[in-house]
Amino acid sequence: MRGEDPFDEGAGSLLRQPKAVWATAGASVVAFMGIGLVDPILPSIAQGLAATPSQVSLLFTSYFLITAVAMLLTGWVSSRIGGRKTLLVGLALVVVFAALSGTSSSVGQLVGFRAGWGLGNALFVSTALAVIVGAAAGGSAAAILLYESALGLGMACGPLLGALLGDASWRYPFFGTAALMAIGFVCITAFLKEQPRPARKTSLLDPVRALGHGGLASAAASAFFYNYAFFTVLAFTPFVLNMTPYKSGAVFFAWGLLLAVFSVLVAPRLQRRFGSLKVLGGSLVLLAVDLLVLGYGNHTAAVVGTVVSGAFIGLNNTVFTELALGVSDAPRPVASAGYNFVRWFAAAAAPFLAPKIEEWSNVHVPFVIAAAAAIVGAVIVGVRRGALSHEAGELRPAHATEDSVAVFAD
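Calculation notes
- Residues numbered from 1 in each chain as written.
- Predicted model: local features only at pLDDT ≥ 70, side-chain atom pairs only at ≥ 80, totals over all residues.
- Heavy atoms only, no water.
- Helix = DSSP H or I, 4+ residues; strand = E, 2+ residues; numbered from the N terminus.
- Buried < 20%, exposed > 50% of the residue type's maximum accessible area, 1.4 Å probe, protein only.
- Areas by Shrake-Rupley, 256 points an atom, 1.4 Å probe, with all protein chains shown as cover.
- Core = buried A, V, L, I, M, F, W, Y, C linked by side-chain atoms within 4.5 Å.
- Contact = heavy atoms within 4.5 Å.
- Salt bridge = Lys/Arg side-chain N within 4 Å of Asp/Glu carboxyl O.
- Phe/Tyr/Trp six-rings, centres within 6.5 Å; stacked < 30°, edge-to-face > 60°.
- Lys NZ or Arg CZ within 6 Å of the ring centre and 35° of its normal.
- Expected span 1.5 Å × (residues − 1).
- Bend = angle between axes of the 7 residues up to and from the residue.
- Axes fitted to C-alpha atoms, helices over the stretch in contact; angles between N-to-C directions.
- Parallel < 35°, antiparallel > 145°, perpendicular 65-115°, else oblique.
- Left-handed = near helix turned anticlockwise from the far one by under 90°.
- Patch = residues over 30% accessible without salt bridge, like charges linked within 9 Å, V, L, I, M, F, W, Y side chains within 5 Å.
- pLDDT = per-residue confidence, 0-100.

Side note on the overall build of the protein chain
Stage number 1. Looking only at helices and strands, the protein chain has 16 helices and 0 strands in total.
Stage number 2. Counting over 410 residues, the protein chain shows a buried share of 60%.
Stage number 3. Working note: accessible area of the protein chain is about 14300 Å², and carbon and sulfur atoms make up 67% of it.

Right, here's the structure in full:
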């Protein structure tokens, strides 16, 4: 795929959007903040609840495991009750479970509340972009750029908020998120009208059936291994850096800024010049190299490696999402749900396995395995190039994430 510049269409009208778009985009920022919110306070949570790193890492595992399973439900729900109600249900769940997370007296309670938070977040983020595209002015490119900017801003600001509030107590970031999402709930209630429902209701098995397409299955398989590497960085590195919440928050804020810049600005330009598959394969290999530097370098090298990984993660998030949604003829919400169903299982596995592997071996081995996972993802892209080549020539990036979670990007 030769990527188009996201500023080619509608950039001039990017800031001239209806209130409904801004309300949804603002809530999206907070939703994505929730992913990295706990990064700088993981050591503090472990200390406060007398838990081991592997126990605390279950905060990510429960969150993303529920998110993966919920991907089969989001289309089923939104096609029946509509996008607006789906957003509000998701926001309400996040408000409740984020607030409950702050009251936890044990790591088991906190893990359980994070699972409920993951369900709410899945319902919200899987519907938010479809709503933004449907309500935005200036074309889909402007809407997608706004959404991806919200994603990058949220990923960057989540660790910063976690550090600022978590310096006083590890509980405060959870209460802060609940308050912000409550504001988002009020804004969407006030400004967003109900969106048209799809003509056909989505079944629970449609996303699984979509994975029967060779190209979509290849993209999902490669993204599975990539996400293992991604979430080794996100969930395990804070323990390796062993910094104060402020310093750790600053590191992951810089990481999130690079992720946003490379996802929104750099990826489309590299795609135009080299094509999606070359960009993706090269970025996965470079991520693997970066992980080895992170794992074997001194403390300074680990900090730099963590920040730099944001660039490769930003590139990969954008290209993987476009591949997943452009390679098959399945409706985008269905293709997205199937793709995310597969890849989020790796996001659930890595935070739990990385500290366990360290306990069984040493601190270097989790990064070696993560690097190997990134290489496997690159090999899949190379070997399955033929199955992915349809997307490479025909996808228009303006279609990238109209009905799905991008993350992150996915």
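Considering the nonpolar core
Stage number 1. Of all hydrophobic cores here, the largest spans 115 residues; its most connected members are I45, F64, F124, F174, I188, F231 and W255.
Stage number 2. It is helix α10 (residues 214–241) that provides the largest number of residues to this core, a total of 15 residues.
Stage number 3. Apart from the residues lying within four places of it in its own chain, the contact partners of W255 are M155, F230, V233, L234, T306, V307, S309, G310 and I313.

Here's the deal with unusual backbone geometry
If a residue is not glycine, its phi is most likely negative; likewise, a peptide bond is most likely trans.
Stage number 1. One non-glycine residue, A50, lies in positive phi territory at about 50°.
Stage number 2. Backbone geometry places N242, a non-glycine residue, at a positive phi of 50°.

With respect to the pattern of salt bridges
Stage number 1. The tally for this structure, following the rule as stated, stands at 2 salt bridges.
Stage number 2. A salt bridge links D206 to R209, with the shortest nitrogen-to-oxygen separation between them at 3.0 Å. With D206 and R209 both in helix α9 (residues 206–210), this residue pair falls 3 residues apart, about one helical turn.
Stage number 3. Looking at R209, the relative accessible area reads 54%, which means it is exposed.

Topic: the packing of aromatic side chains
Stage number 1. Inspection of the entire model under this criterion finds 16 aromatic pairs.
Stage number 2. Sitting over the ring of F60, R114 keeps its end group 6.0 Å from the ring centre.
Stage number 3. The ring of W117 is capped by R114, whose NZ or CZ atom sits 4.8 Å from the centre of that ring.

A look at α10
Stage number 1. Here α10 contains 28 residues, and its C-alpha end-to-end distance of 40 Å stays within 8% of the 40 Å for a straight helix at 1.5 Å per residue.
Stage number 2. At A235, α10 shows its largest kink, close to 40°, and the proline P238 lies no more than four residues downstream.
Stage number 3. Burial analysis of α10 places 22 of its 28 residues in the buried class, which makes it a mostly covered element.
Stage number 4. Just downstream of α10 lies N242, where phi reads positive at about 50°.

Here we look at the environment of P159
Stage number 1. Looking at where P159 falls in the secondary structure, it is placed in helix α7 (residues 140–166).
Stage number 2. Once the C-alpha coordinates of P159 and L37 are considered, the two residues, 122 residues apart in sequence, prove to be 4.8 Å apart.
Stage number 3. Apart from residues lying up to four places away in sequence, P159 is in contact with G36, L37, P40, G249, F252 and F253.

Examining the packing of α10 against helix α15 (residues 365–383)
Stage number 1. Following both chains from N to C, one finds α10 and α15 inclined at 160°, their axes separated by 8 Å at the closest point. The angle between the axes of α10 and α15 places the two elements in the roughly antiparallel class. Taken as a pair, α10 and α15 cross one another with a handedness that is left-handed. Seen from α10, the contacting residues are S218, A221, S222, F225, Y226, Y228, A229, T232, F236, T237 and V240; seen from α15, they are P366, F367, I369, A370, A373, A374, V376, G377, I380 and V381.

Focus: a nonpolar patch on the surface
Stage number 1. There is a patch of nonpolar side chains on the surface, built from V285, V289, V293, I375, V379 and V383 and spanning about 480 Å² of accessible area.
Stage number 2. Mapped onto the nonpolar patch, the elements with two or more residues apiece are α12 (276–296) and α15.
Stage number 3. Structurally, the position occupied by V379 is in helix α15.
Stage number 4. You can call V379 partly exposed: its relative accessible area is 47%.

Quick word on the environment of D39
Stage number 1. Secondary-structure assignment places D39 in the loop between α1 (19–36) and α2 (42–48).
Stage number 2. On the basis of relative accessibility, which here comes to 0%, the residue D39 falls in the buried class.
Stage number 3. Between the C-alpha atoms of D39 and G249, which are 210 residues apart in sequence, the distance is 7.5 Å.
Stage number 4. Those residues within four positions of D39 in sequence are excluded, and the remaining contacts are F60, L234, A235, P238, S248 and F252.

Focus on the confidence of the model for the protein chain
The predicted coordinates of low-pLDDT regions are not to be read in fine detail.
Stage number 1. Summary statistics for the protein chain give a mean pLDDT of 82 and a share of 88% for residues scoring 70 or more.
Stage number 2. Per-element mean pLDDT across the protein chain ranges from 65 in helix α16 (residues 385–394) up to 96 in α15.
Stage number 3. In this model, residues 1–7 is a region of pLDDT below 50 whose contacts with residues beyond four sequence positions or in other chains number 33 contacts.
Stage number 4. Low pLDDT, under 50, characterises residues 391–410; the stretch is placed with 90 contacts to residues that sit more than four places away or in other chains.

What about the side chain of N316?
Stage number 1. With respect to the secondary-structure elements, N316 resides in helix α13 (residues 299–326).
Stage number 2. Residue N316 is classed as buried on the basis of its relative accessible area of 0%.
Stage number 3. Excluding its chain neighbours within four sequence positions, the residues that come into contact with N316 are Y226, L280, S283, L284 and L287.

What about the packing of α12 against α15?
Stage number 1. At a minimum axis distance of 8 Å, the contact between α12 and α15 shows a crossing angle of 170°. Put simply, α12 runs roughly antiparallel to α15. Here α12 contributes L277, L280, G281, L284, V285, A288, L291, L292, L294, G295 and Y296 to the contact with α15, which in turn contributes F367, V368, A370, A371, A374, I375, G377, A378 and V381.

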